[in-house]
Structure formats: C-alpha cells, structure tokens
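# Remarks on the overall topology
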Amino acid sequence: MDTISLLCSAEECSVSEEFVERVSAQLSSGALGWSRRQLHMMWMTPLFFISCVYEACCDLSFLCHASEEIRGEIFFVLYKFSALQFTEQDVDGAEILSSLSPKLLSLSLEALAKTQRDEVRLNCIALLTTLTQQGLLANSRTSPVSSMSLDEVDDDPMLTAETVTVRPCLDILFAEAIKGPLLSTDSEVQIKALDLIFHYVSQESVPSKQIEVLVEENVADYIFEILRLSECKDHVINPCLRVLDLFSLAELSFRKKLVIGFPSVIQVLHYVGEVPCHPFQVQTLKLVSSCISDFPEIASSSQVQEISLVLKMMLERYYSQEMGLFPDAFAIICSVFVSLMKTPSFAETPDVFKSLQDSLRHAVLVCLSLPEKDSTQISHAVYLLNKVYAYCTSPTSINNTGCIELRQCVIDVCVSHLLPWFLSDVNEVNEEAILGIMESFHFILLQNSDVQAMEFAEILVSADWFSFAFGCLGNFSSDKMKQRVYQMLSSLVDVLHRQKLGSHIRDALFCLPSDPQDLLFLLGQDSSNNQELASCQFAALVIFHTGWIHNDRLADDKLVFASLEQYILVNRTSLISDSPAVLQLVNLYSLCRSLQNKRYQISYSLEAERIVFHLLNEYDWDLGSCDIHLESLKWLFQQESISKGLTYQIQKISRNNLIGKEVHNVYGDGRQRSLTYWFAKMISEGDNYAATLLVNLLTHLAENGDKESDVISILNIMTTVVSKFPTASNHLSMNGIGNAIHRLVCSFRNSSMGTSFPTLLVLIFNILASVQPGVLKNDESWNAVFIKLLHYLSLRDTAITQPDHEGMMVIGILCLVLYHSSHGALLDSSRIIMVNSYLVSAINNVVDVACSRGPALTQSQDETEIWEALAFTLPLCFSSLRSLQIVLAGAVDWQTFCGPSSNLETLPVVCIHCHNLCRLMHFGTPQIKLMASYCLLELFTGLSQQIDIRKEQLRCSSSYLKAMKAVLCGLVFYDDIRVATNSALCLSMIIGWEDMEGRTEMLKTCSWYRFITEEMSVSLAMPCSASNTFVNHHKPAVYVTVAMLRLKNKPVWLRSVFDESCISSMIQNLNVTNISSEIVILFRELIQAQLLNSDQVTKLNLVFLASRKQMQRNGTLDETVEEQMQRTVSSIHDHGEVCSYLVDMMLSSSFGHTSGSEATCIQKKKQVLAEMEQFSELLSTRRDYVTDSRPCKVYTRQRKRIHAK
C-alpha cells in the first residue's frame, strides 16, 4: 500500500488513475469479500480513499451490499475525513465530500436505521454529527432539486429521480433512523444519538416544522423513556433535557407528548431540585410549567403535592443560600405555582396550601434579601403574590380553610416584609417593580368587605402611605404611575371611610396634579362656574381629610389652613347651598385651629370662622356620618358659639347609642374609637362644653315634657358616659345633673313614674357609685330627688319585703346616699333616710321573717323574695351603721342594738340587732353570711368606740354574749376567709370587752379558744404549710390568739401551746412572701407575753429586716401596677351586678377591709411595714420582755405536771 501510494503520488503518472478505476470497480461490484488484509486498504490516506470512492459515486450501493463490519469501517473513515475537514478548513478534496453529502446522508440514515450493531451506530452517528455540524445536513434539506438548474442535474450523476423523491422525506428518515440508537442498551450510543438530535434541530436554518416532524414521529417518547430509566444520572438526563427543550419549540405537537412523559419529568425534577445551580434547572422547570399550564387536568393530587414540595424546597434552600437559582428558574417556579392553582387537584390537596404559604414567603423574602435589588425577580414574586390572593378571594375558595390561612399569609407577608422594605428601599427599585407592588396592595384593598382589607388599610395609613405615594409621584411622573397612585388612594379611602368617598378621587383622576402643593393651589380657586374644578377640589379635600385624620400631613399646616380659608371665602355660596364637602371641610378647619392653639398662634379670618359656624348651626349635618380627628372633635365642643349645632349632634349621638348603632369614626390616638367613647371621654376631661350641653339638654326635655323616647335616649347616653368613664359623673354633677334629674322627677306623677323611670334609676345609681363625695357636699338639689324615691317606696307596701326591679334599685341608691354621708356629703338626705319609719319597719319585718325560719333558712333559696330582700336590706343596714356617728352623732345609743329587739330606748333608726345578725350568720347562705358579718363588725366597731369614749360598761347579759361567741367561734375557720376574718375580729372585741370588765374566768376553761390557738400554732409551725395562701387562711385565728395574748390574766395553757419548738418552727417558716401584718402583731404580742427567748428574737428580727428591705425595694413597682377599677350597672334588671357592687362597697369601707383579706397589695405592704416599725421600737425600748434561752419556770412546772399525770 505504501508503494501504491508513492506511485500514485508521482507527477505525470497514470498509475493513480488506473488504481482508482480498479478500486472503484471493486467497491461498486458489491461482491467482494473483504479480508483483514483488504480492510487495511481502508486506512490509507483518507483523501486518496475518497478519490477512489468518488469514481464509484454513481452507485454507492456498495454500502448496502457490504457487511455491517465493512460498513462501519467505511463510516468511520468518512467520519475521520469529515472531522478533518471540520477542523482544517483548507483540506484538499473537501469539495468531494460536499458533493457526496446528499446521497451519503440518505445512505447513512438508512444504514443507521437497519443496523443492530452499536459499533456501526456509533460510527454512523459520528459521521452524521460531523456533517450536521458542518451544515451539510441542513444544506441537503434546504436545497431541493427544483432549485437547481437542469445542467447541474445532468452533470451530477447522484441527482437521480429516486433522490429527488426521497429528499423531502429526509426528516422522516432521520426520525426513523435515530430510534434504533435511542433504544440501544448502550448509554454511550444513546447519548451520542441525543447529541446528534440536538445538533440536527439546533441549527438556525432548521424550521420549526422539521422539529414537529421529529415530535410527530414519536422521537420525544423515546427520550422520555430514556429519562424514566436514567436513574437521574447527569450524563444521561442532561442531553435528554437539552433535546426536549428544543422540542418544546414545536408547541402544538410537543404538548401531547409531554403529557405522556410528565411522570418522568417530575422524577427528574426531584433530582434537579436538589442540585445547586443544576445546568438544566431552567429546562426542567419549563417542561413542568408547560405541561401543567397546557393540561391542568393531567396533574393528580399526589403530583401536585409532589411538585409543590420540590419547589418549596428549592425556594427555601435558595433563601437560606444553600443552593443557587438562575433568574429564569425563579420566574418559572413562580409561574408553576400559579399553574398549580389552576389545576382541579389543587383544591383537593390540603397539604399543598401549607407548602404554598412557605414558598410564597420565601419567594418574597429572597427578593428582599438580595444584595443587589433585582426588579425582575421582585416582579415575579409580586405576580405570584397577586395570583395567590386572587385565588383565595375567589367565590369558590373564599370559605375554604386552607384559603383563609393562605389569605392571611399574603397579608402577613405584605405587612411584615414587603411593606417595610418597600417604604425604606423604594429609591432602589425601578418603576415597573413599584407599580407591581402597588398593584398587590391595591388588589388587597379592593376586597373592601374583608376585615383583613380594613386591617391592611389601617396599617398603610399608619405608615404615612399618602406621603409615600406622592413621593413616588415625585420620583416617577409617568401617567401610569399617577393613575396607579390615585386609584390606590381612592380604594384606600373607600376601605377606611366606608362612605365610598374614593369615587370622587376616581372621577377627577385625570385632572388631579402630582404635587400636593398644586392640590392646595386648586383648593383656593373659585369653582362656582367650573364643575371640573369643583370635582378636583372635593377630591383634594377627601385626600387631605383622610391623610390628616390618620396624622399623615401632606403639606405644612399653615399652607393647608390658608388654602382652606381661601376656599371657604371664595366658595361660600356653594357651601351654603349644601355642598357635599362640608364635613371634610369642617374636620380639616377645626383640626388646623386646634393645632394652632397647641403649637403656635397665627391669625385667622373671622369671616371664614363665621361662615363655618353658620354652617354648623343652621344646616343639617351629621357628626357621625364622616370620620373625624379627635382634636377636631375636641375643638368643636370647646366652641360656645356653635352650641345649637352641637346640641343637635348630641341628640343624634344619644339616639344612635339607644338603638345600639355605634359609630366608630373618631381617629387620633393611634386607633379608631367610637364617637360615643370620645364624647364620654370629653365629658370626663371637663375642658369643654360637652357636659354642660348634655345636662342642659336633659333639663330642656324635662321642662318641656318632650317625648319619653328622647328623654330615655339622653338618660341612656349619660349612663353610657358614666359607665365608660366614671369620673365623668363629677363633671355632670358640677354642671347641675342633680337639678336636671330633680326637674325630671318632679314631672312624674305619683300614680305613674313614666317609662323613663327605670333608666333614670340606673343613671342615679351609677352617678352616686362613681362621683366623688366632695362634689355633692353643696348640692342640695339631690334632697328632693331622694325624698321622691322614699315616697315611691312608701307608696308600695311590698317594695322592700317583695322588691321588684325598681324597688331594689331604689334601695341600692339609698345605700349609696348613706355611703356618701359617711364622707360628709348628702347629710340631710341621709338623715331623712335613716329615721324613715317606713324603712325601719320594713327592714325589721324582713329580718324577723328571715330569722324566724331558723335552721330552715338554708333551705329557702327557692323563695327568691326573702333572699332578694335580705340581699338589699343588709347593705342598707351596713351603710346606715357607717354613717350613724356622722349623721346622728350622739343621738343613738349603740348598746341598744346588743339586746332584745323590743328594747328601744333611743330614736329608731335603720339597723339590725346583734342577735339577728348572728342568726343570719349562722343559718344564712354564704352571701348572707358575708353581708351579715360585715354588718355585725360595723356594729361592734361603733359600739366599741362608744364604750371607749364614754368609759361605760357593756350592758348586755353574759348569756347574750355567750350565744354570740358560740356563733362567732364556729365561723373562725369558715371557708370564706372574709366571713372568718369578720367573725374573728368581732370575737376579739368581745374578748377585749370581757377583759375590761373582768369576765375572763370562762376563757380558762373554754375549749374553743384553746382549739383555735392550737390549730393556728400547729399550722404555722408545719414547714409544708407555710405558704402565703395557707398563712392567710389562718389570719382569723391569729386575731383571736392576739386577743388572748393581750388579756390581763392570760390562760396558763398559752405557754404549753407556744413552747420553744413551736415558736422556733414558726420563725423558721417565715419568708418575704408569707409575712403579713397579722404575723408581725402575733410575734410582737408573744414577745410582750415573754414567750420568746433571746435567740428566737434575734432570728425573728433578722427575718423581719430582710423582709422589710425586700418590700421597700419592690414597693414602687407594685404601686404602679395596682389600680382599683370602678364598676357600674348597665341595666335595672341586673340584680346580681347591683348586689355585687353593694357587697364590694361594704368590703371597701368596712373596718375589716384594712385588717382582713380585702386589703389591696399596697395597703397590706404598708401595714406590714408599719407593724415591723412598731416591732423594732418594741425591741429597742422593752428588752425586759425577752427571756433568756432557758425554759421559764411556769413552762417547767407545767411539763412536770404533765409527766406526773
């Protein structure tokens, strides 16, 4: 072969031509059997071999007749030559291969289709790939025979009729040929085949129709099968995805094939989603998106959930920077979620809602956290946000639980992340992204019937959205931005005000300027003959009005006020002729005036003020029909000149309040409040005419005998005012509410008190329950009112024994009158009440009936009349006892109450005797026991003060005292600590009285006293029982024990009870939390009784010192936290609330309040500190009360006696 090559290469030698003719003949015959040595001829210089082949080019059928082995070798040589031509452009003989390409391509494709050997497939694919890269395949497709001249056809022997027929079907031949390699078990063959397909269809000259031919010939199905069996190996799936991405250009044909391969694509998506920045990340997502968007029904519930989880994971890892995402991939992910929501299976998959929530949040957060703001990604995230909210608010999904949570997620993302970022970084975002974000916010606002839309609107205005929106107009002055800003502002106004005021902004949208200063200029113009200008002015008023009531100032206060005055002066005619802008104008004007008074003083137009006041006094307007700023409301009620208009507004407020139509339209303290609330607040503050106008209105209605409904509405609004702000009763009283009520009561006839009487009683009760006594001291108008109420009771014989709603409320009012008399107010009224013969007789009857039941009293709960009578009679008795020494000082002998009921030597007053109170305490229900115990304690307190002052002895018999002590001893450990405390205090007073008179012999033998003392000492000495609650439970026993320790002749058994081990254990259990004033008093009395040794006193003093430091350190904190709330009654039918209030009044004003369990935390700590101070003084002055550490003689003797026994 080398020799032949040399001979053929010689110049002017005919050997070359002869050799070529012989080789060509042999190749063309097809009958040659090729040996291994003959095959070596194939490996000669490729150019020389091709020249030989060229001689046989008239008929290359030898490729068909040759064996597959030879055919493969021929393709390999052709591949080598074509590759050489591809790498070296100036290769001799290149034109030969180009001329052979059409026929060679056809034969190569036919051979590729027929062969079953992977070696031949590889060589054939290699040749075809190289030819394709050189563009020969495209040239063969794009150069049909018709485009050649006849001379070219005659000159080229390869252009036969058969060739002309086959050429249009080259794409089909290619499709058929490539299927075999795609089915090969050799992955290398598959990959090479996929590369060939890619080069074949990726040429610019290949039309989409040719791609459709491949798709229609089911090539895509083979590729999807390769994906299914690929086990997600990169070297397999990458070429598959590359080809499928090109196939997607043939949209109509490829869609159907993609549906079949969709499960395989999802399988690949799992793998691609886990690889950071996978090179075919975008292609995979595009396939998923294309299939779901084109065929929503194809995705099953499991597939929807599977895809959503993968996409959620990708976004989550992208946000946490665990993996990267190409910008196009992020956009497609957002698009896939939108497509998923359109699938029927989405709503049937509950878990997918949670995945979408997390994905939405991560999609937005990742855009906001990028170092460089990518407006494109932000736009895609916002697009997803809009679509999600639209899906959740659609009629078919709005009540779905998952959609409700998803809708809340959208709001949270906007409020917590998107809005703060948008407000702070708006200058770094382009106009398109700004418009997209505003569109998202606007879309939420358009759901104005939704509570979440209202909340979102309030968040926007709290962030000064009006100023921000006009700032965007300053940065981007395009018409698109202007329309978006004003449309969103109009929707914001609609949501906030609910009066559809935003329509005025939309109507004037194209005429409104972009600068707030220009809005002020328009506002100051005369619009009487220009409807378009009037529309712009109304829109400007709405914008400024809405911004200002939410504390969002769009312009300087002075400039706004000057424009308003100019508007009022030049448009006075249109204003007086009922302009719809009056309410917005009044709110802005009054707000500017109020700001003047607070911040600075500027001149204002008296004429403009006169016009505004004239409008408010003479024309029908409704304060509750438009939102108003709090400062505006206060300024209006500070203007005496508009009393007429304000009185009319008060009537409207009261009527709305009566029918329960609360109007929440007042802004200014950071949150929206009702008009009634702020009206009540203004009355409580007192720096305005609200209270005066309200009281005058009631007086006017009472004098003129107006409709009962109007009177009831005013009484009801007064009750509401006092209920919301109890201090308002002080201002109502100072403005003559007593006189107004007196006039109203005088208008009632005795036979009929009128339908407003129940409402009036509730108002009187609430006023007396909350007013300060000092306000009532000089108000004599109340006397006639209370006389009228007493007269009302006397006309109804059963008003107390069988009380109805009005009767019980009247008794409650009388209790409050007596309560105020104990503080020096309403003394004349109290005196009349206390000595009223009807009350004294009726109360005695009720008590006699109740006490006559005896043990059966506890079974009488079904008889509500007697219990209701007692529940209101006992507080009246208590209040009478409290005020007795002030109202009737010295006129009543307290000892009269400690004896038989018939023994009345003094003026009869409203009171219950001691033995009857003890019966009620013994036989009554828990509530009756409680009220009776407070009455008895109050009675004993007054009796004790009389005995101390007059230095007299107790006149009741020993048997009378013994009976009372029996009842009281049994209640010392009662479950209700308040009853137990009151009983112990009463018992302590009796012990003190007996000690003064030397009646203590029975104490030495009475087992009750020793039992109480031992129970208390043992309980306090037990370590497990030293909690604060347990110590409080034994406070009543402490009172009795202290009384025993204070006796002149102490029982001997006290030393055996308080032995050394008991006292040491009690001291050891003390700490800061369980030390009370009673405990300090107990140990002080133990020291004075010489029952503590020096070591015990030292330990006790250290404990008290540490406790005192701790309480002093925490004292200021407690004082700021604790605040006692005042209670009011809302209805005359609410007996329980009235009774509960009276009981609380008894607790707060009783002697037991400061000594027992009802003391507040601050009071308790002050008592403890005071008692500790006395304890320290005792130690410093009375060291002789402290014994040494040895047991005393008495204790020793007692122990010997015990051992002797």
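Residues numbered from 1 in each chain as written. Predicted model: local features only at pLDDT ≥ 70, side-chain atom pairs only at ≥ 80, totals over all residues. Heavy atoms only, no water.

## Observations concerning the environment of D995
You can see D995 is positioned in helix α52 (residues 977-997). The spatial distance from the C-alpha of D995 to the C-alpha of M1044 is 9.6 Å, given a sequence separation of 49 residues. Of the polar contacts made by the side chain of D995, one reaches the backbone nitrogen of K1048; its length is 3.3 Å. (Helix = DSSP H or I, 4+ residues; strand = E, 2+ residues; numbered from the N terminus. Polar contact = N/O pair within 3.5 Å; in protein donor to acceptor, adjacent residues only side chain to side chain.)

## What to know about the nonpolar core
F247, F441, W465 and F1083 are the most contacted members of the largest nonpolar core, which totals 382 residues. With 13 residues, the top contributor of residues to this core is helix α48 (residues 864-887). Counting contributing residues, this core receives three or more from each of domain 1 (14-140 + 167-206) and domain 2 (640-771). (Core = buried A, V, L, I, M, F, W, Y, C linked by side-chain atoms within 4.5 Å. Buried < 20%, exposed > 50% of the residue type's maximum accessible area, 1.4 Å probe, protein only. Domains from an automatic or database assignment.)

## A few points about helix α29 (residues 516-523)
Taken together, the buried positions of α29 are occupied by P516, L519, L520, L522 and L523. Down the axis of α29, the sector holding all buried residues measures 160°, keeping them to one side. The backbone nitrogen of Q517 has a side-chain oxygen 3.0 Å away, supplied by the residue at the start of α29, namely D515. (Arc of directions from axis to C-beta.)

## Regarding the pattern of salt bridges
Tallied over the entire structure, the rule returns 31 salt bridges. E938 serves as the salt-bridge partner of R882, at 3.5 Å between the closest nitrogen and oxygen. Taken together, the residues R882 in helix α48 and E938 in helix α50 (residues 926-950) connect sequence positions 56 residues apart. Its relative accessible area of 28% is what places R882 among the partly exposed residues. (Salt bridge = Lys/Arg side-chain N within 4 Å of Asp/Glu carboxyl O.)

## Focus: the packing of helix α37 (residues 675-685) against helix α38 (residues 690-704)
The geometry of α37 relative to α38 is characterised by a closest axis approach of 8 Å and an angle of 105° between their N-to-C directions. When the axes of α37 and α38 are compared, the pair comes out roughly perpendicular. The segment α37 lies against α38, with F679, M682 and I683 engaging A690, A691 and L694. For the contact of α37 with α38, the residue count by class is six nonpolar, no polar and no charged. (Axes fitted to C-alpha atoms, helices over the stretch in contact; angles between N-to-C directions. Parallel < 35°, antiparallel > 145°, perpendicular 65-115°, else oblique. Contact = heavy atoms within 4.5 Å. Nonpolar A, V, L, I, M, F, W, Y, C, P; charged D, E, K, R; others polar.)

## Things to note about the packing of helix α56 (residues 1035-1045) against helix α59 (residues 1077-1088)
Orientation of α56 relative to α59, taken along the N-to-C sense of each, is 25°, at an axis distance of 10 Å. Between α56 and α59, the angle falls in the class roughly parallel. In this structure, α56 crosses over α59, and the sense of that crossing is left-handed. When α56 is examined against α59, the residues K1035, V1038, Y1039, T1041, V1042 and L1045 are found in contact with a partner set consisting of E1078, I1081, L1082, E1085 and L1086. Residues of the contact of α56 with α59, tallied by class, amount to seven nonpolar, one polar and three charged. (Left-handed = near helix turned anticlockwise from the far one by under 90°.)

## Quick notes on the packing of aromatic side chains
Across all of its chains, the model carries 27 aromatic pairs by this definition. Taking the centre distance of 6.2 Å and the plane angle of 75° together, the rings of Y589 and W635 count as edge-to-face. Taken together, the residues span a long stretch of sequence, with Y589 in helix α33 (residues 582-599) and W635 in helix α35 (residues 630-636) at a distance of 46 residues. The exposure class of W635 is buried, given its relative accessible area of 3%. Ring geometry for F757 and Y792: centres 5.1 Å apart, planes at 55°, overall tilted. One end of the pair, F757, is in helix α42 (residues 757-770); the other, Y792, is in helix α44 (residues 781-795), with 35 residues separating them in the sequence. Here the two residues F757 and Y792 agree in accessibility, since each one is buried. Taken together, F422, F441, F456, W465 and F468 form an aromatic cluster joined through their ring pairs. A cation sits over an aromatic face here: R553 above W548, 4.7 Å from the ring centre. Directly above the aromatic system of Y604 lies the positively charged group of R593, at a separation of 3.6 Å from the ring centroid. (Phe/Tyr/Trp six-rings, centres within 6.5 Å; stacked < 30°, edge-to-face > 60°. Lys NZ or Arg CZ within 6 Å of the ring centre and 35° of its normal.)

## A closer look at helix α13 (residues 187-201)
Compared with the 21 Å implied by 1.5 Å per residue over 15 residues, the 21 Å span of α13 between its first and last C-alpha is a close match. The complete set of buried residues in α13 reads V189, Q190, I191, A193, L194, L196, I197, F198, Y200 and V201. The opening residue of α13 is D186, an N-cap whose side-chain oxygen sits 3.0 Å from the backbone nitrogen of E188. (Expected span 1.5 Å × (residues − 1).)

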